[in-house]
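# Chains, contacts and geometry: an overview
Now for the letters of each chain:
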Amino acid sequence: MLKLDKIMQFFFVQDYRHNYRYFSSEPVHQIKADFSRLKKIWEIAKEKLMLLPQKILVQEQAFEKIIKTEQHEIRIYYSGRLGKKRMNVKFYFFLQKQRTKHIILLIGETFLLPISGFMAIFPGPNVFFGVLALIMITHWQSLRGINKLLKKEYLFIPSPTLKEWEQAIKEKKEGDFIRILEKIEKDHNIPNIQKILLK
């Protein structure tokens, strides 16, 4: 557990639309859910869930990773364009917004779950039910992570490459986007950073 905490890096940075994204340096992984009786449904559902946009998956899984960490202080890389006190406030409100969003999503998905059960009358595996169930598990785990993250302290670490990126999007220097993103990917070892911050 401690070894995982030491190498885990989290990021809080704007994408090209100026929306803040929270993610970790670890690549996206398939959600763990295995029920032997419904194995075919879960396998298809997992594949379909992986088709969600990368920027959504990495954020959900970054929230989920907080559940397992024992660190009291979470290290978060950011651009450094704002002071640490202001960034603390911005991150707190970001988490509150995400918490509210996840609660609303879970309520909506709970109402959809019985409807998805009726799809079982159609031939073949009930993939709609499987995907919805996995999305609910993902959102529930994320909500747990957000709640735990709200109780932690944050150490914001400025990154020159993240600062260069945010400056480029502020000044709309689109010709520099790919070059800077490749630099961020190399400096922080983040695979597919373009799918998180650009697409």
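Quick caveat: nothing in here was measured; it's all calculated off a predicted structure. (Residues numbered from 1 in each chain as written. Predicted model: local features only at pLDDT ≥ 70, side-chain atom pairs only at ≥ 80, totals over all residues. Heavy atoms only, no water.)

## Remarks on the overall build of the protein chain
- Per the secondary structure count, the protein chain includes eight helices and four strands.
- In the protein chain, the succession of α and β elements from N to C terminus is α-β-β-α-α-β-α-α-β-α-α-α.
- Counting every position in the protein chain, which comprises 199 residues, the buried fraction comes to 44%.
- Once local pairs closer than 6 in sequence are excluded, the contacts in the protein chain between residues at least 24 apart make up 73%.
- If you sum the accessible surface of the protein chain, you get close to 11,600 Å²; carbon and sulfur atoms cover 60% of it. (Helix = DSSP H or I, 4+ residues; strand = E, 2+ residues; numbered from the N terminus. Buried < 20%, exposed > 50% of the residue type's maximum accessible area, 1.4 Å probe, protein only. Contact = heavy atoms within 4.5 Å. Areas by Shrake-Rupley, 256 points an atom, 1.4 Å probe, with all protein chains shown as cover.)

## Topic: helix 7 (residues 177-188)
- For helix 7, which comprises 12 residues, the first-to-last C-alpha distance of 16 Å matches the rise-based estimate of 16 Å (1.5 Å per residue) to within 8%.
- Along helix 7, the residues classified as buried are Phe 177, Ile 180, Leu 181, Ile 184 and His 188. Buried positions in helix 7, seen along its axis, are confined to an arc of 100 degrees and lie on one side of it.
- Here the buried face of helix 7 lies against strand 1 (10-14), strand 3 (73-78), helix 6 (160-170) and helix 8 (193-197).
- Directly beyond the C-terminal end of helix 7, a positive phi value near 55 degrees is found at Asn 189. (Expected span 1.5 Å × (residues − 1). Arc of directions from axis to C-beta.)

## Focus on a nonpolar patch on the surface
- Taken together, Val 89, Tyr 92 and Phe 93 make up a surface patch of nonpolar side chains, about 310 Å² in accessible area.
- Residue position: Tyr 92 is located in helix 4 (residues 84-117). (Patch = residues over 30% accessible without salt bridge, like charges linked within 9 Å, V, L, I, M, F, W, Y side chains within 5 Å. Salt bridge = Lys/Arg side-chain N within 4 Å of Asp/Glu carboxyl O.)

## As for the packing of helix 6 against helix 7
- Running from N to C, helix 6 and helix 7 point in directions that differ by 160 degrees, and their axes come no closer than 9 Å. By the criterion of interaxial angle, the relationship of helix 6 to helix 7 is roughly antiparallel. Note that helix 6 runs across helix 7; the crossing there is left-handed. Contacts between helix 6 and helix 7 involve Thr 161, Leu 162, Glu 164, Trp 165, Ala 168 and Ile 169 on the former and, on the latter, Phe 177, Arg 179, Ile 180, Leu 181, Lys 183, Ile 184, Asp 187 and His 188.
- Its residues assigned to classes, the contact of helix 6 with helix 7 shows eight nonpolar, two polar and four charged. (Axes fitted to C-alpha atoms, helices over the stretch in contact; angles between N-to-C directions. Parallel < 35°, antiparallel > 145°, perpendicular 65-115°, else oblique. Left-handed = near helix turned anticlockwise from the far one by under 90°. Nonpolar A, V, L, I, M, F, W, Y, C, P; charged D, E, K, R; others polar.)

Functional significance is not addressed by these values, which are geometric in nature.
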